Amino acid sequence: LRPNSRIGKHVKIGDFVEVKNSNIGDNSKASHLSYIGDSDVGSDVNIGCGVVFVNYDGVSKHRSTVKDKAFIGCNANLISPVTIEESAYIAAGSTITDDVSANSLAIARERQVEKKDWVLKRGLKK
């Protein structure tokens, strides 16, 4: 826990979770491997493994908001400033750059593409 962080009641901050300059509401949880910086997280929010609040653009820090009962799936990036409205869901592996409406599911990832024999064509096989 770093400076200017306020943690509500019955909040779970697990292993390898860094919280900096953020507010986290009651009954929220970030169980492991996440960075929660410059943000306002509501109550009853789930922050999955590997979630990063990407708060610095190289010049300025930006703040994000995650409202009550939101669910942030594992390995998601929230590119600040962004607002995740109440009861919204973020799909695992998503990079979120736009606000997400209440009760919605945001999926921001490309479909998997497999390049057959890519290693062989590049002469990389050992």
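These lines cover the structure that appears in this document, whether it is placed above or below.

The rules behind these values
Residues numbered from 1 in each chain as written. Predicted model: local features only at pLDDT ≥ 70, side-chain atom pairs only at ≥ 80, totals over all residues. Heavy atoms only, no water. Patch = residues over 30% accessible without salt bridge, like charges linked within 9 Å, V, L, I, M, F, W, Y side chains within 5 Å. Areas by Shrake-Rupley, 256 points an atom, 1.4 Å probe, with all protein chains shown as cover. Salt bridge = Lys/Arg side-chain N within 4 Å of Asp/Glu carboxyl O. Helix = DSSP H or I, 4+ residues; strand = E, 2+ residues; numbered from the N terminus. Buried < 20%, exposed > 50% of the residue type's maximum accessible area, 1.4 Å probe, protein only. Core = buried A, V, L, I, M, F, W, Y, C linked by side-chain atoms within 4.5 Å. Contact = heavy atoms within 4.5 Å. Phe/Tyr/Trp six-rings, centres within 6.5 Å; stacked < 30°, edge-to-face > 60°. Lys NZ or Arg CZ within 6 Å of the ring centre and 35° of its normal.

Before going further, it helps to spend a moment on a nonpolar patch on the surface. Together, Phe71, Tyr89, Leu105 and Ile107 make up an exposed nonpolar region whose accessible area comes to about 410 Å². Along the chain, Phe71 falls in strand β9 (residues 71-72).

Further remarks concern the pattern of salt bridges. Taken as a whole and judged by the stated rule, the model has five salt bridges. A salt bridge links Arg63 to Asp40, with the nearest nitrogen and oxygen atoms 3.0 Å apart. Here Arg63 is found in the loop between β7 (52-54) and β8 (64-66), whereas its partner Asp40 is found in strand β5 (residues 39-41), with 23 residues between them in sequence. By relative accessible area, Asp40 is classed as partly exposed at 25%. Ionic pairing is found between Glu85 and Lys67, a salt bridge with its closest N-O pair at 3.0 Å. Of the two residues, Glu85 sits in the loop between β11 (83-84) and β12 (89-90) while Lys67 sits in the loop between β8 and β9, which places them 18 residues apart along the sequence. Accessibility expressed as a relative area gives 27% for Glu85, which makes it partly exposed. You can call Lys67 partly exposed: its relative accessible area is 34%.

With that out of the way, let us pick up unusual backbone geometry. At the junction of Ser80 and Pro81, the peptide bond is cis and its omega measures out at 0° in the coordinates. With respect to the element layout, Pro81 can be found in the loop between β10 (77-79) and β11. Even without glycine at this site, Asp38 takes up a positive phi of about 50°. By secondary structure assignment, the location of Asp38 is in the loop between β4 (29-37) and β5. In this model, Asn75 sits at a positive phi of 55°, which is unusual for a non-glycine residue. Inspection of the secondary structure puts Asn75 in the loop between β9 and β10.

Grouped together as the largest cluster of nonpolar side chains are 23 residues, with contacts concentrated most on Ile36, Ile47, Val66 and Ile84. Of all the elements in the fold, those that place two or more residues in this core are β2 (12-20) and β4. Those residues within four positions of Ile47 in sequence are excluded, and the remaining contacts are Lys29, Ala30, Ser31, Ser34, Ile36, Val41, Phe53 and Ile72.

Moving on, we come to the packing of aromatic side chains. Inspection of every chain in the model, using the stated rule, returns one aromatic pair. The ring of Tyr56 carries the charged tip of Lys61 above its face, separated from the ring centre by 5.6 Å.

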